[in-house]
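Structural features, examined
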Amino acid sequence: MTEAPPRLTSLAHGGGCGCKLAPSVLQQLLAEKAEPSLFRQLLVGTETGDDAAVWQIDDTTCVIATTDFFMPMVDDPYDFGRIAAANALSDVYAMGGRPIMALAILGMPIEKLPTQVIREILKGGHDVCAAAGIPVAGGHSIDSLEPIYGLAVIGTCRPADIRRNSGARPGDALILTKGLGVGIYSAAIKKKALSPGGYQEMIASTTLLNRIGSELSKDPNVHAMTDVTGFGLLGHALEMARGSICALVIHDHDVPVFAQAASLAEQGFVTGASRRNWASYSEAVRLHEGVPEWRRDLLTDPQTSGGLLIACEPGSADALTETIVASGYPSASVIGCVEAGQPTVAIEE
């Protein structure tokens, strides 16, 4: 009898965007790279921890470039490929652009995984890119100890439609387009504790393209966008606060979460990345009295292919949220506001 291939998650020490370096470590690594760019065409670089780089070609066109890859947080190879591709494409959408092509990044333990399993990973990425209307035009592969897959993505945008994470203004409302809980669900998957319904809920969210960002960027009432990924909601909200030199206030009970996320978090199904995230930025976050540790773990939970965090004119927030929901994002909700003040994030009841 042919031996069954190993579970993908058993071959990786981490999974999804939980593999990202902790925010504090990344800050140290980039400490000497934050000086103003010497290239005037580079509209967005590393200075505010934004989602992608932006290079202006001429008065009407910018090129958006990003790369994102990680180890598996699910065992189904086709789903792994789909999630990784959707996550990589999200960076372009979060900047307000449209992807035009992708290059595959592949590292596989060739002696441990059958060729067909790897082909399914690639097929998942190809199918998501096809759904986005772009080709996987090439790539690079290596023999690695752990399975790794992702994409380098190129997109375009008009200069006026670029949306950074640093454009939030005091008085703005905050909208989140997807529920939280991806890291918690993936922790449960590793221990075979996630129900089939929970798995389908996670796959539906993580393979849902954030293409709504391309449409929202054309609305002048939308001031800032970022996607919520490995640093969790609190981490990416703090990046927006620091880039915009504002304070963000998030209403705890307005934050959308996956159906089983709270109960699983209470049972201890959390990732190490969640705790690393909190250790990295807790000094700039204020939690309301009585927040249990499991709830904090949910707010710092690393999201893979998470939703968009949007800062917009408060008078437009409800109409924008209705538009986002009607476009296929049923969990989209207004979750807070932007205030004048030091760059911090406050969680209120």
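For the structure, see preceding data.
About the cut-offs
- Residues numbered from 1 in each chain as written.
- Predicted model: local features only at pLDDT ≥ 70, side-chain atom pairs only at ≥ 80, totals over all residues.
- Heavy atoms only, no water.
- Helix = DSSP H or I, 4+ residues; strand = E, 2+ residues; numbered from the N terminus.
- Expected span 1.5 Å × (residues − 1).
- Buried < 20%, exposed > 50% of the residue type's maximum accessible area, 1.4 Å probe, protein only.
- Arc of directions from axis to C-beta.
- Contact = heavy atoms within 4.5 Å.
- Salt bridge = Lys/Arg side-chain N within 4 Å of Asp/Glu carboxyl O.
- Disulfide = S-S within 2.5 Å.
- Core = buried A, V, L, I, M, F, W, Y, C linked by side-chain atoms within 4.5 Å.
- Axes fitted to C-alpha atoms, helices over the stretch in contact; angles between N-to-C directions.
- Parallel < 35°, antiparallel > 145°, perpendicular 65-115°, else oblique.
- Nonpolar A, V, L, I, M, F, W, Y, C, P; charged D, E, K, R; others polar.
- Patch = residues over 30% accessible without salt bridge, like charges linked within 9 Å, V, L, I, M, F, W, Y side chains within 5 Å.
- Areas by Shrake-Rupley, 256 points an atom, 1.4 Å probe, with all protein chains shown as cover.
- Phe/Tyr/Trp six-rings, centres within 6.5 Å; stacked < 30°, edge-to-face > 60°.
- Pairing = 2+ DSSP bridges.
- Polar contact = N/O pair within 3.5 Å; in protein donor to acceptor, adjacent residues only side chain to side chain.

**Brief notes about helix H3 (residues 115–132)**
With 18 residues, H3 extends 26 Å between its outermost C-alpha atoms, agreeing within 8% with the 26 Å of an ideal straight helix rising 1.5 Å per residue. Among the residues of H3, those classed as buried are Val117, Ile118, Ile121, Gly124, Gly125, Val128, Cys129 and Ala132. Taken around the axis of H3, the buried residues stretch over an arc of 125°, which confines them to a single face. When the buried face of H3 is taken as reference, the exposed residues oriented beyond 90 degrees from it are Thr115 and Arg119. Among the structural elements, helix H2 (77–94), strand S4 (98–108), strand S5 (136–143) and strand S6 (148–157) are those in contact with the buried residues of H3. Directly after H3, the chain includes glycine 133, whose backbone phi takes a positive value near 85°.

**Digging into the pattern of salt bridges**
All told, the structure shown has 14 salt bridges when counted by the stated rule. Aspartate 50 is paired through a salt bridge with arginine 164; the nearest N and O atoms lie 3.5 Å apart. Within this pair, whereas aspartate 50 is found in the loop between strand S1 (42–44) and strand S2 (53–56), its partner arginine 164 is found in the loop between S6 and strand S7 (173–176), the two being separated by 114 residues in sequence. Here glutamate 293 makes a salt bridge to arginine 275, at a shortest N to O gap of 3.8 Å.

**Brief notes about the state of the cysteines**
Counted under the stated rule, the structure contains zero disulfides. Left unpaired, cysteine 157 is separated from the closest cysteine sulfur, that of cysteine 62, by 6.5 Å. According to the relative accessible area criterion, cysteine 157 is buried, its value standing at 8%. Take cysteine 246: it sits in no disulfide, and the sulfur closest to it among the cysteines is that of cysteine 337, at 11 Å. The exposure class assigned to cysteine 246 is buried, which follows from its relative accessible area of 3%.

**Digging into the nonpolar core**
Met202 and Leu233 are the most contacted members of the largest nonpolar core, which totals 82 residues. By residue number, the principal contributor to this core is H2, which donates nine residues. If sequence neighbours within four positions are ignored, leucine 233 has contacts with Leu176, Leu180, Val228, Ile250, Val255, Leu299, Asp301, Leu309 and Ile335. In terms of nonpolar packing, the next biggest core, distinct from the first, is built from 15 residues, Ile175, Leu216, Leu320 and Tyr329 among them.

**Thoughts on the packing of H2 against helix H5 (residues 196–206)**
Helix-helix packing: each pair is described by the crossing angle between the helix axes and the interaxial distance. Where H2 meets H5, the closest approach of the two axes is 9 Å, and the angle between their N-to-C directions is 40°. Judged by the angle between their axes, H2 and H5 are oblique. Touching Asp79, Arg82, Ile83 and Ala86 of H2 are Tyr199, Ile203 and Thr206, all from H5. Tallied by class, the residues present in the contact of H2 with H5 amount to four nonpolar, one polar and two charged.

**Some points on helix H4 (residues 182–190)**
With eight of its nine residues buried, H4 lies for the most part within the structure. Listed as buried for H4 are Val182, Gly183, Ile184, Tyr185, Ser186, Ala187, Ala188 and Ile189. Against H5, helix H8 (261–266) and helix H10 (293–299) lie the buried residues of H4. Phi for lysine 192, located one or two positions after H4, is positive at around 55°.

**A word on a nonpolar patch on the surface**
Taken together, the side chains of Leu38, Phe39, Trp55 and Ile57 present a nonpolar region at the surface, about 480 Å² in accessible area. With respect to the helices and strands, the residue tryptophan 55 is situated in strand S2. The class for tryptophan 55 is partly exposed, based on a relative accessible area of 32%.

**Some details on the packing of aromatic side chains**
Tallied over the entire structure, the rule returns four aromatic pairs. One aromatic cluster in this structure is built from Phe70, Phe80 and Tyr149.

**What about the environment of glycine 14?**
Within the secondary structure, glycine 14 is located in the segment before helix H1 (23–29). Setting aside chain neighbours within four positions, we find glycine 14 in contact with Cys19, Met71 and Pro72.

**A closer look at the sheet that holds strand S8 (residues 222–227)**
Across the sheet, seven strands lie side by side as S8-S11-S7-S12-S9-S13-S10; this open sheet has mixed pairing. At either end of the open sheet lies a strand with only one pairing partner, and these are S8 and strand S10 (285–287). Recorded for the sheet is a direction-independent mean angle of 20° between the axes of neighbouring strands. Note that S7 and strand S11 (residues 308–312) share four bridges and pair antiparallel.

**Focus on the side chain of aspartate 91**
Take aspartate 91: it is sitting in helix H2. Within the structure, aspartate 91 has its side chain in polar contact with the side chain of threonine 66 (distance 2.8 Å). Residue contacts for aspartate 91: discarding those within four places in its chain leaves Asp51, Ala52, Thr66, Thr67, Asp68 and Asp227.

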